[in-house]
Each structure stands twice: as C-alpha cells, then as structure tokens.
Amino acid sequence: MVGVTSSTPDALPDAADRTTTAPEAPARRVLLAAPRGYCAGVDRAVIAVEKALEHYGAPVYVRKEIVHNKHVVETLADRGAIFVDETDEVPEGARVVFSAHGVSPAVKEAAAARNLDTIDATCPLVTKVHKEAVRFARDDFDILLIGHEGHEEVEGTAGEAPDHVQVVDSPDAVEDVVVRDPSKVVWISQTTLSVDETMETVRRLREKFPTLQDPPSDDICYATQNRQVAVKKLAPECDLVIVVGSANSSNSVRLVEVALGAGARTSYRVDRAAEIEDAWFDGVTTVGVTSGASVPEILVDDVLRQLAERGYADVQEVRTATEDLMFSLPRELRGTMPPREGRRSLQVDPV
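Quick notes on the rules
Residues numbered from 1 in each chain as written. Predicted model: local features only at pLDDT ≥ 70, side-chain atom pairs only at ≥ 80, totals over all residues. Heavy atoms only, no water. Pairing = 2+ DSSP bridges. Helix = DSSP H or I, 4+ residues; strand = E, 2+ residues; numbered from the N terminus. Axes fitted to C-alpha atoms, helices over the stretch in contact; angles between N-to-C directions. 1 Å grid on protein atoms, 1.4 Å probe; cavity = no way out; pocket = protein on both sides within 12 Å on 5 of 7 lines; lining within 4 Å. Points joined across faces, edges and corners; volume = space filled by probe spheres on them. Nonpolar A, V, L, I, M, F, W, Y, C, P; charged D, E, K, R; others polar. Phe/Tyr/Trp six-rings, centres within 6.5 Å; stacked < 30°, edge-to-face > 60°. Buried < 20%, exposed > 50% of the residue type's maximum accessible area, 1.4 Å probe, protein only. Salt bridge = Lys/Arg side-chain N within 4 Å of Asp/Glu carboxyl O. Disulfide = S-S within 2.5 Å. Core = buried A, V, L, I, M, F, W, Y, C linked by side-chain atoms within 4.5 Å. Contact = heavy atoms within 4.5 Å. Expected span 1.5 Å × (residues − 1). Arc of directions from axis to C-beta.

## Considering the sheet that holds strand S3 (residues 81–84)
Alright, step 1. Pairing is parallel across the open sheet formed by four strands, whose spatial order is S3-S2-S4-S5. Whereas interior strands pair on both sides, the edge strands pair on one side only; in this sheet they are S3 and strand S5 (117–120). Recorded for the sheet is a direction-independent mean angle of 30° between the axes of neighbouring strands.

Here it is as structure tokens:
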C-alpha cells in the first residue's frame, strides 16, 4: 500500500487553539466648529445690560429678551434685569434697554411718551438694515423683507416703513407677493437667516421680478454666515451634530438645518448639556459641535465635558474664519462707562 502524505502546508489548529481578534472600534472624536458662539452684536448687547446694572443699579428694564438665549436672560434676571414685552410695562421715567434685535419707530415713540430713559442695544448690523428700509421707502420702492414673520428683528425693520414693506417668509411665499410697480422692487433681509434659503428666495423673486434690486451690501450678518460655513465644512464627516442654542434663536435653528443639508446623519439643538439624550449616540463615531451667535462659550464647554464622559474626548477644532470685530457700547453708555478691554463671554455656571 502506497502511503499518502498531505500536501496542505498549514493544517487548521484545534478549536481550543484558535484565537479571534475583533476589529478595533473606530476612535470617537469631536469636531468643534470655529467660529461659534457670541458675535460682536450679542457681546455688545449683553455687556450693555451688565454695565447699566453696575452703573445705575437694579432694576434695569429690558424690552424683550436682550438676546435669544435662555441662559443669558436667566443670568441677567438674577442680577436685577427685568424683562418685559412692551414699554407700557415699564414704570414711567424708568430706564429700559432695547434688545439687540432692534425696535420700530413706534416703540421708540411709546417709550418717549412714558419719559423712559432708553439705552438702544440694537446690533449695528440690524440698524444698517433699518436704514436701508428707510432709504428705499423714501424713494418709493416696494421693499420685500425676507425673514420670519413675527420675529422681533423683522417687526422692527418692517416698522420703519410699514406702507412699503412686505415680509417674504420663505421661497414658497414668493408666489403670493404682489407689488405696485415691478420696476421698483428691492429685497432686504433679516440678518440671521440661512444663506442658502435666502438666496433661493431671491432667485425666485428675481424670476418673478426681473429688475429686482439688491441691497447695497449683504444683510445676513458676517457671524451668521461664518457659523454656517464652519458647520458645512464639518457636517459631512459627522454622524451627529449638536447645536447649542435656544429654540427662539433663528440662527441656532438654522445651524441644525445647515448641518443636515451638508451631510450630517443627525443633528439636534440643545439649550444646555443636560438636554443631550443617550439615544442619539447609537453608532456614532464623530460628533460635531457648534453654537449659535447668542450662546456663551461656557455652555459649549459643558457640552464638551459631557461628551468626554461618553468617550468623545478627542476634540479637533475645524476653523474656517477668525473674528475680531468689536462694536462700541451704545452711545447712551459711552460717557459714563470705562473703555472696554475686549470681548468675553458671560461666565456664569450653567444650571
């Protein structure tokens, strides 16, 4: 009998000798958008209330929320600011601050009728849009104000020329726009909108009114645009994007939309870290983090700490621009306040 020898070079080992190496899990990381958080207009408005409280003492009244951030409003209220909806809620002769979103001439007249000592903390970029509305109305244009109906900034801008302004809330609203003279139409916009959606609205308006005129300069503020650009850059790599910001903050809500539109698998807005949910992290390797223009950095720090506790401790900043703009305080405060030393956030521990 001829013997047969196996030519198999490596016979399989017994099951007891086998070892299985599981594939390594992808490293968890955070992509942190820059710029994020406070813009110059928000910084100026918040400091205006702080300085008024320091100089004049409490109470200082504020018409509407000084900026759209729950934490900032609660913190200033704890220091003695009293937030009201209208000037008729302010005692006659008292001091009131107008919010960063601006007010209409009618509000200023109502304040004057009550002999209120006013401090106008309107963002200078919003004031620029107000002046555009006044100028175009003086030239008898129909003014199409692209913005969200009911938003305080839109109400203030429209109030500059109510007989000439109509609000266009979205691209789909264009079909309902009617003007007196299609050859004398101009568009302006709320400063905190989605750039892409605004441009789509303008495109449709121009299809309807070919001679539609543009504002002399971009109305959507630099900070809103910069934060959207940063999110667009990081979103395609993210399984989840967390936007820190309040529900009534237009630019914060827009950041969620921008993140999803740019490729993020999911995106959520939170006021603070305590609102983050466990269910969001199933299968998530990369988390993007950003914040709206009215959000103090301490709230972002709190989110990063919670993410680190969940295993997302590797934080990589994604920077698309550097901001160093600073606006001077409202003129009503300049003669009584020491010079500002630079920008900062509202440093109060979140609750």
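## Focus on the layout of surface pockets
The rolling of a water-molecule-sized probe over the atoms marks out the regions of remaining empty space.
Alright, step 1. Its volume calculated, the second largest pocket comes out at about 200 Å³.
Alright, step 2. Lining the second largest pocket, in full, are Arg44, Asp120, Thr122, Pro124, Thr127, Phe327, Ser328, Pro330, Arg331, Glu332 and Arg334.
Alright, step 3. Elements represented by at least two residues in the lining of the second largest pocket include exactly helix H4 (124–138) and helix H10 (331–334).
Alright, step 4. Taken together, the residues that form the lining of the second largest pocket break down as three nonpolar, three polar and five charged.

## Digging into the packing of aromatic side chains
Alright, step 1. Scanning all chains against the criterion turns up three aromatic pairs.
Alright, step 2. With 4.1 Å between their ring centres and 0° between their planes, Tyr268 and Trp280 make a pair best called stacked. A residue pair is termed long-range when its members are at least 10 positions apart, and Tyr268 in strand S10 (residues 266–270) and Trp280 in the loop between S10 and strand S11 (286–291) qualify at 12 residues.
Alright, step 3. On the basis of relative accessibility, which here comes to 10%, the residue Trp280 falls in the buried class.

## What to know about the pairing of strand S8 (residues 185–189)
The side chains of a regular strand alternate, residue by residue, between the two faces of the sheet.
Alright, step 1. Within S8, five of the five residues are buried, which leaves the element mostly enclosed by the surrounding structure.
Alright, step 2. Alternating positions in S8 separate into two faces, Val185, Trp187 and Ser189 on one and Val186 and Ile188 on the other, with burial throughout.
Alright, step 3. In this sheet, S8 lies alongside strand S6 (residues 142–146) in parallel orientation, the contact comprising five bridges. Looking at the pairing, Leu145 lines up with Ile188 of S8.

## A few points about the pattern of salt bridges
Once the charged atoms of two side chains with opposite charge are near each other, the side chains can pair.
Alright, step 1. Scanning all chains against the criterion turns up 28 salt bridges.
Alright, step 2. Residues Lys128 and Asp219 are paired through a salt bridge, measuring 3.0 Å at the closest nitrogen-oxygen approach. Linking Lys128 in helix H4 with Asp219 in the loop between helix H6 (195–208) and helix H7 (222–234), this pair joins segments that are 91 residues apart in sequence.
Alright, step 3. Judged by relative accessible area, Lys128 falls into the partly exposed class, the value being 24%.
Alright, step 4. Owing to a relative accessible area of 2%, Asp219 belongs among the buried residues under this scheme.
Alright, step 5. Between Arg265 and Asp239 there is a salt bridge, with its nearest N and O atoms 3.8 Å apart. One end of the pair, Arg265, is in the loop between helix H8 (250–261) and S10; the other, Asp239, is in the loop between H7 and strand S9 (240–244), with 26 residues separating them in the sequence.
Alright, step 6. Overall, Arg265 belongs to the partly exposed group, its relative accessible area being 46%.
Alright, step 7. In the salt-bridge network here, residues are joined through shared partners; they are Asp172, Glu200, Arg203, Arg204 and Glu207.

## Let's talk about the state of the cysteines
Alright, step 1. One pass over the full model with this rule turns up zero disulfides.
Alright, step 2. With no disulfide of its own, Cys123 lies closest to Cys39 among cysteine sulfurs, the gap being 6.0 Å.
Alright, step 3. This cysteine, Cys221, is not joined by any disulfide, and Cys39 carries the nearest cysteine sulfur, 5.5 Å off.
Alright, step 4. The buried category is assigned to Cys221, whose relative accessible area is 9%.

## Some words on the nonpolar core
Alright, step 1. Of all hydrophobic cores here, the largest spans 24 residues; its most connected members are Val46, Val49, Ile66, Val67, Val72, Leu76 and Val97.
Alright, step 2. Here this core takes seven residues from helix H1 (residues 40–56), the largest share from any one element.
Alright, step 3. Ignoring sequence-local partners within four residues, the contact set of Val67 consists of Val42, Ala45, Val46, Val72, Val73, Ala100, His101 and Ser294.
Alright, step 4. Residues Val30, Phe281, Val284 and Val300 belong to the second largest nonpolar core, which totals 21 residues.

## Details of the sheet that holds S10
Alright, step 1. Taken in spatial order, the five strands of this open sheet run S10-S9-S11-S1-S12, and their pairing is parallel. Where the open sheet ends on each side, the last strands, each with one partner, are S10 and strand S12 (315–319). Ignoring which end each strand starts from, the neighbouring axes of this sheet average 25° apart.
Alright, step 2. Relative to S10, S9 is paired through five bridges, and the arrangement is parallel.

## Some thoughts on H6
Count 3.6 residues to each turn of an α-helix, and residues three or four apart come out pointing the same way.
Alright, step 1. Between the first and last C-alpha of H6 there are 20 Å, a value that for 14 residues agrees with the 20 Å anticipated at 1.5 Å per step.
Alright, step 2. Among the residues of H6, those classed as buried are Thr198, Thr201, Val202 and Leu205. The buried residues of H6 occupy an angular sector of 100° when projected down its axis, which confines them to one face.
Alright, step 3. Where the residues of H6 are buried, they touch S6, strand S7 (165–168) and S8.

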